[in-house]
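Residue-level structural notes
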Amino acid sequence: MADTAIRTRGAAPPTRGGKKPGRLPRAAVHHPWWFALPAVAVFAAFFLVPNLLNFYYPFTNWSSYHPDVAFTGLDNFRTIADDGSLLRSIRTTLLYAALAALFQNGFGLGLALLLEEDSRFNRFFRAVFFLPVLISALAVGYVFQALLDQDGAVNAALGTDIPWLGSTTWTVVLVSVIHGWKWMGLAMLIYLAGLKGIPGDMLEAAKVDGAGPWRTFRSVRWPMLAPALTFNVTTALIGSMNTFDIVQATTGGGPAASTEVFNIYMFRIFGQGLYAQASAMSLVLFLIVVVIAIPLVVGLRRREQTL
Amino acid sequence: MTSTPGTLPRPGTAGISGTGAAGPRLWRYGRPALVVLLAALAIGVPLWLVLVTSAKPQGEAVRPNLDPPRHWQPADNYADAVGQGEMLRGFVNSLLVVVPSVALVLILGAGAAWVFARRSSKLVSAAYALTISGLLLPPAVITIVMELRQLGLAGTRPGMIAVYTGMYLSTSVFFMTGFIRTIPTELEEAARIDGAGPTRIFLRIILPLLRPVIATATIMVMLYAWSDIFYAFFVLGGGDGATLPINLYQVAGAQLYLNNWHLIFAYVVVMSLPMVAVFLVAQRKIVSGITSGAVK
């Protein structure tokens, strides 16, 4: 023990910076890299490698019908472009993601403002609105199918006969509302934390200056909520681009494929044994996320700095 | 409603409670009324539908509605859901994948986060950036299957655990690194002077201090993995290893001739109970953990 202590101290005086020549740097002794190795290895093997493979298999004929995999160039992309599924999936997914992010943040921010004060009443209702987050998205989908089916509970209660889940235009909007409903509790918590982080004297100052509640919100609270907004919009967009369960359980991609987002398509095509074609769609999703999400996150971060 | 007067003096609340001259009173009574109304419509109605339908006989549940059951048979439905849905097997299967995944995500994540937070070389920064890239990038689910087949892990629990661990490591590394950066290094230095090596410092100082983030990460990863069906479909499939959500999907898929909402919702209730229970027990920790990590 004593030996270790001396050696460690000798190698790196704890209060001074800089390395001693000919020795391991202080950081390497105190925080050895092998602590990070298992995580990096697992992540590389089961997240990065599949994503790299995903740049090769879309260009092959990998499927359940061929015993071996051969390079076929852009065939798969040509197929999905020609049958219209490529553009449709892109359009549907982007629309769904934008709407879901909008609803999730709108509901979440509204609830946070309603339940901001730290009273027992509010704490109880925060937990109530958090309930959907705890329920699996598949179950949420079934609940809303039972509600919105033409033979379902909403039509029964209203005495109407509206095919809520049968519109090729509006059903995708409705399903994204369900997505927003499922995750609004999480957004609410994060906005609540953002609201709590606003210094009291700042609001006091705004009040002294004669700012009403709307003005205070727009000029003080909203800018101060920027970090919470960044986090919420990012997670909502990423989450909804990867959506599957809610759509599968409510519409299964229908009607007429009008809610067929990327993951629904991949699931369907993979089930038909057309692995490479599914992989091509998966690559498109990857590229879309990179092209859209990353500039968005950077932009939102920059917005935080300037506000 | 009950404790409003006691908490009013906080300056932060003054802004919203005043809406002009006639506003405050309207807001004071209107707000709780609005909250209750919203909760009843947005949460109460779906919850009620689930609970009453799960207690109805099939004949009443075929066309789901909000009427209370004329004939109560919750016990039969829940027994059927447990039996036909292979719920016990699904429950054990879910536990056998989710618990090891969560444990690995936490342990591996904490070790990596410690290094990433404390070292600042270019290589370490690059490794950190790479490891948290999973926060944004989507998992390549199709080629994951390809890879697992070649490794002989397709359709197995270790394969599923590896996939979940890879998917959620980014989240835990991100949150934990942020947290460790706020822990003063003096604590470690003092222990080092007392002769503690890195392993000892990690186990005795860093891990205990990480408890709040660990609580949050546990909940979030558990929540995602417990309800996941998409990746479970691809990796595990519907065989013997099927988890609870896959079983639920199969129960719902079995309604070929007649809707079986009564069974679906009995299943939904039982499947959701563990997560609701965990939330109720650890509510305060979860809430503070989620909120403190996110807005940094």
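Chain A has the name Sugar ABC transporter permease in an unreviewed UniProt entry, where Streptomyces corynorhini is given as its organism. Regarding chain A, the UniProt comment filed under Sequence similarities (unreviewed entry) reads as follows: "Belongs to the binding-protein-dependent transport system permease family." Among the UniProt annotations of chain A, the heading Subcellular location (unreviewed entry) holds the following wording: "Cell membrane".

**Digging into the overall build of chain A**
Along chain A, the regular secondary structure elements total 15 helices and 0 strands. In terms of overall dimensions, chain A is more spread out than a globule: its C-alpha atoms have a radius of gyration of 26 Å, far above the 19 Å expected for 307 residues. Projected onto its principal axes, the C-alpha positions of chain A cover 80 × 70 × 35 Å. In chain A, which comprises 307 residues, the proportion classed as buried is 46%. Residue pairs at least 24 apart in sequence account for 70% of intrachain contacts in chain A once pairs closer than 6 positions are excluded.

**With respect to the nonpolar core**
Core analysis: the largest hydrophobic core is formed by 175 residues, its most contacted members being Tyr191(A), Met266(A), Ala112(B) and Tyr267(B). Both domains that furnish three or more residues to this core are identified here as domain 1 (4-53) and domain 2 (82-294) of chain B. Not counting chain neighbours up to four residues away, the residues in contact with Met266(A) comprise Ala278(A), Met281(A), Ser282(A), Val141(B) and Ile142(B).

**Things to note about the interface of chain B and chain A**
Listed by partner, the interface residues are 90 residues for chain B and 92 residues for chain A. Here the side of chain B that touches chain A gets 13 residues from one element, more than from any other, and that element is helix α15 (residues 261-294) of chain B. Of the residues contributing to the side of chain B that touches chain A, the split by class is 58 nonpolar, 24 polar and 8 charged.

**Focus on the UniProt feature "transmembrane region" (unreviewed entry) in chain A**
Residue and element names in this part refer to chain A. Taking the numbering used here, the UniProt-annotated feature "transmembrane region" (unreviewed entry) corresponds to residues 33-57, 94-115, 127-148, 168-193 and 274-298. As a span, residues 127-148 carries 91% helix and 0% strand, and end to end its C-alpha atoms are 25 Å apart. Counted over residues 168-193, helix gives 88% and strand 0%. Its end C-alpha atoms are 39 Å apart.

**Some remarks on the environment of Leu248(B)**
Mapped onto the elements of the fold, Leu248(B) is located in helix α14 (residues 244-253). Distance from Leu248(B) to Ile264(B), taken between C-alpha atoms, is 7.0 Å for residues 16 residues apart in sequence.

**Looking at the environment of Gly155(B)**
Residue and element names in this part refer to chain B. As for its position among the elements, Gly155 is in the loop between α8 (141-151) and α9 (157-181). Taking the number of C-beta atoms within 10 Å as the measure of exposure, Gly155 has 17 and is therefore partly exposed. Between the C-alpha atoms of Gly155 and Tyr29, which are 126 residues apart in sequence, the distance is 56 Å.

**Concerning α8(B)**
Counting buried residues in α8(B) gives 8 out of 11 residues, a clear majority hidden from the surface. Within the span of α8(B), buried status applies to Val141(B), Ile142(B), Thr143(B), Ile144(B), Val145(B), Met146(B), Glu147(B) and Leu148(B). Looking at the buried residues of α8(B), the elements they touch are α3 (37-53), α14 (262-271) and α15 (275-306) of chain A together with α9 and α13 (230-235) of chain B. Gly152(B) occupies a position one or two residues after α8(B) and carries a positive phi of about 75°.

**Digging into the confidence of the model for chain B**
On average, residues of chain B score 84 in pLDDT, and 89% of them are at 70 or above. Across residues 1-21 of chain B, where pLDDT falls below 50, the model places 39 contacts with residues more than four positions away in sequence or in other chains.

Definitions and limits used
- Residues numbered from 1 in each chain as written.
- Chains lettered and ligands numbered in written order.
- Predicted model: local features only at pLDDT ≥ 70, side-chain atom pairs only at ≥ 80, totals over all residues.
- UniProt positions renumbered as here; feature names shortened; annotations may be inferred.
- Helix = DSSP H or I, 4+ residues; strand = E, 2+ residues; numbered from the N terminus.
- Rg over C-alpha atoms; globule rule 2.2 N^0.38 Å.
- Buried ≥ 20, exposed ≤ 12 C-beta atoms within 10 Å, placed from the backbone.
- Contact = placed C-beta atoms within 7 Å.
- Core = buried A, V, L, I, M, F, W, Y, C linked by C-beta atoms within 7 Å.
- Domains from an automatic or database assignment.
- Nonpolar A, V, L, I, M, F, W, Y, C, P; charged D, E, K, R; others polar.
- pLDDT = per-residue confidence, 0-100.

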